[in-house]
Amino acid sequence: MGALLGCAVGDALGAPLEGRSRERIATMQGIAEDYRPYRHRKEVEFPRGQYTDDTQLTLAIVKSLLTCGQVDPADIAEEFVKLWDSNEIVGAGPVAHRAVKRLMEGVRWQDAAATDDLPLNGAAMRIAPVGLWHCGNADQLARDVELASFVTHRHPLAVDGAIAIATAVAYGATSTEIETVSFLDAVHGSVADRSPGFASRLRGLDEWLPRTETVALEALVAGEGRAKGRGFGVPALVEPTVLAALYVFLKSPDDYMVTIDRALRVGGDVDTVAAIAGAISGAHNGLDAIPANLVAGVKDSAEILDLGARLFARRFGAA
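Attention in this report is confined to the structure presented alongside it. (Residues numbered from 1 in each chain as written. Predicted model: local features only at pLDDT ≥ 70, side-chain atom pairs only at ≥ 80, totals over all residues. Heavy atoms only, no water.)

### So, unusual backbone geometry
The cut-off we apply is this: The helix and strand labels rest on DSSP assignments: H or I over at least four residues marks a helix, E over at least two residues marks a strand, and numbering proceeds from the N terminus. Each residue is placed in one exposure class: buried if its accessible area under a 1.4 Å probe, protein chains only, is under 20% of its type's maximum, exposed if it is over 50%, and partly exposed if it falls in between.
Positive phi, close to 60°, is recorded for Asn-87, a residue that is not glycine. Counting through the fold element by element, Asn-87 comes out in the loop between helix 4 (73-85) and helix 5 (94-104). The phi angle at Asp-300 is positive, at roughly 60°, despite the residue not being glycine. Mapped onto the elements, Asp-300 comes out in the loop between helix 17 (292-297) and helix 18 (301-316). Asp-300 sits in the partly exposed class, given a relative accessible area of 28%.

Below, the structure is given as structure tokens:
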């Protein structure tokens, strides 16, 4: 419940800020205190507390796990198609959009995503339920993350970013204390053989934690995909997104709200950074770490709580 609400709250707080620079967000007050009006691309105005595709696709995976009792990519694909069919999807990324459109045209889930498509963060942002499902089972975690990712994302780095995040969620959910070196050893080890360069950057996060935030974030993002002259922001590419999300979590692993406030201020794709960091922090700190007004105010709050409780019961056989 903490992980799912943690994701949704971070996403909903971040949605109205998405695309703004770190410099612009720095001038704003109280961005983590309550929800703001959200207008997606100046076309549709949503009520306060609206979350985006980050949470929608996360919950779709939860629903599939509840139905199938395992990671079933064909069923996950069906859940995704429902969101597009009903026009409920909010702010879908281009890689996911292309893959789901192919699914809607009758292409098999195995063939819908292209390996040469962009390494965006769409698999990593929705993967928390698989980390929860396989907490304590690292061997099966990576394979099931692959299956859940392949529905829309087949670029190797997009998948490896999702494996790293699922591992972080699993670690957070099963640890009473976050010890930075041990945490990073686990995350690094999950992709070390698959993506040595990315894994090395993950392992090196501890070197940036003592540094000034702006200096650290600029180094972690390293100019990837940024438009010059528009200020600093994390792009929707998977590597900088994962690095930024893990960085803001490790800066305050025992304080959900400090993590979320920091995530919202990174600039760029802040709803995704906050959704991912929020899921990890929520998994570790639990539902009680999230302020009651934010829990109550996020869209579909009661349903998300119910899904979290049912997911736990389905996985662990609780009454």
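### Quick look at the packing of aromatic side chains
Defined as follows: Ring pairs shown here join Phe, Tyr and Trp side chains whose ring centres sit within 6.5 Å, with only the six-membered ring taken for Trp; geometry is labelled stacked below 30 degrees between planes, edge-to-face above 60, and tilted in between.
Applying the stated rule across the entire model yields four aromatic pairs. An angle of 20° between the planes, with centres 5.5 Å apart, marks the rings of Tyr-38 and Phe-46 as stacked. Taking the relative accessible area as the measure of exposure, Tyr-38 reaches 3% and is therefore buried. Each ring, one from Phe-312 and one from Phe-316, has its centre 5.0 Å from the other, and the planes form 40°; the classification is tilted. Of the two residues, Phe-312 and Phe-316 both sit in helix 18, four residues apart, roughly one turn of that helix. On the accessibility criterion, Phe-312 (49% relative accessible area) is partly exposed. Clustering of aromatic rings is evident, with ring pairs tying together Tyr-171, Phe-183 and Phe-249.

### Brief notes about the side chain of Ser-149
Which entries qualify depends on this criterion: Two residues form a contact once any of their heavy atoms are found within 4.5 Å.
Note on placement: Ser-149 falls in helix 8 (residues 138-150). Given a relative accessible area of 0%, Ser-149 falls into the buried group. For Ser-149, the residues in contact, after removing those within four places along its chain, are Ala-123, Arg-126, Ile-127, Val-159 and Ala-162.

### Quick word on helix 13 (residues 213-221)
One full turn of an α-helix is made of 3.6 residues, so residues set three or four places apart face in the same direction. We apply this condition: Note that the arc is defined by the directions from the helix axis to the C-beta atoms.
Those residues of helix 13 not exposed but buried are Ala-216, Leu-217, Leu-220 and Val-221. All buried residues of helix 13 fall inside an arc of 120° around its axis, so they share one side. Next to the buried residues of helix 13 lie helix 2 (22-25), helix 11 (196-203), helix 12 (205-208) and helix 14 (238-251). Immediately beyond the C-terminal end of helix 13, within one or two residues, lies Ala-222, with a positive phi of roughly 55°.

### With respect to the packing of helix 1 (residues 2-14) against helix 16 (residues 270-285)
For the record, the criterion: Axis definition: a line fitted to C-alpha atoms, over the contacting stretch in the case of helices. Angles run 0 to 180 degrees between N-to-C directions. Should an angle fall under 35 degrees it is taken as roughly parallel, and over 145 as roughly antiparallel, whereas 65 to 115 is taken as roughly perpendicular and any remaining angle as oblique. Here is the rule for handedness: rotate from the far helix to the near one, and if that takes an anticlockwise turn smaller than a right angle the crossing is left-handed, while a clockwise turn gives right-handed.
Running from N to C, helix 1 and helix 16 cross one another at 155°; their axes reach a closest spacing of 7 Å. Judged by the angle between their axes, helix 1 and helix 16 are roughly antiparallel. The handedness of the crossing between helix 1 and helix 16 is right-handed. Of helix 16, the residues touching helix 1 (which contributes Gly-2, Ala-3, Gly-6, Cys-7, Gly-10, Asp-11 and Gly-14) are Val-270, Asp-271, Ala-274, Ala-275, Gly-278, Ala-279, Gly-282 and Ala-283.

### Some details on a negative patch on the surface
Condition: Like-charged residues within 9 Å of one another, or nonpolar side chains (Val, Leu, Ile, Met, Phe, Trp, Tyr) within 5 Å, are grouped into patches, provided each residue has over 30% relative accessible area and no salt bridge. Accessible areas in this description were obtained via Shrake-Rupley with a 1.4 Å probe; residue shielding takes into account the shown protein chains only. Any carboxyl oxygen of Asp or Glu that lies within 4 Å of a side-chain nitrogen of Lys or Arg is treated as forming a salt bridge with it. Charge counting treats Lys and Arg as positive and Asp and Glu as negative, with His and both chain ends excluded. To locate a charge, take atom NZ for lysine, CZ for arginine, CG for aspartate or CD for glutamate.
Taken together, the side chains of Glu-177, Glu-179, Asp-254 and Asp-255 define an acidic patch exposed on the protein surface. Mapped onto the secondary structure, Asp-255 falls in the loop between helix 14 and helix 15 (256-264).

### As for helix 5
Buried residues of helix 5: Val-95, Ala-96, Ala-99, Val-100 and Leu-103, and no others. The buried residues of helix 5 all sit within an arc of 120° when viewed along its axis, so they share a single face. Summarising the contacts, the buried residues of helix 5 are in contact with helix 4 and helix 6 (109-112). Gly-106, located one to two residues past helix 5, shows a positive phi value of around 100°.

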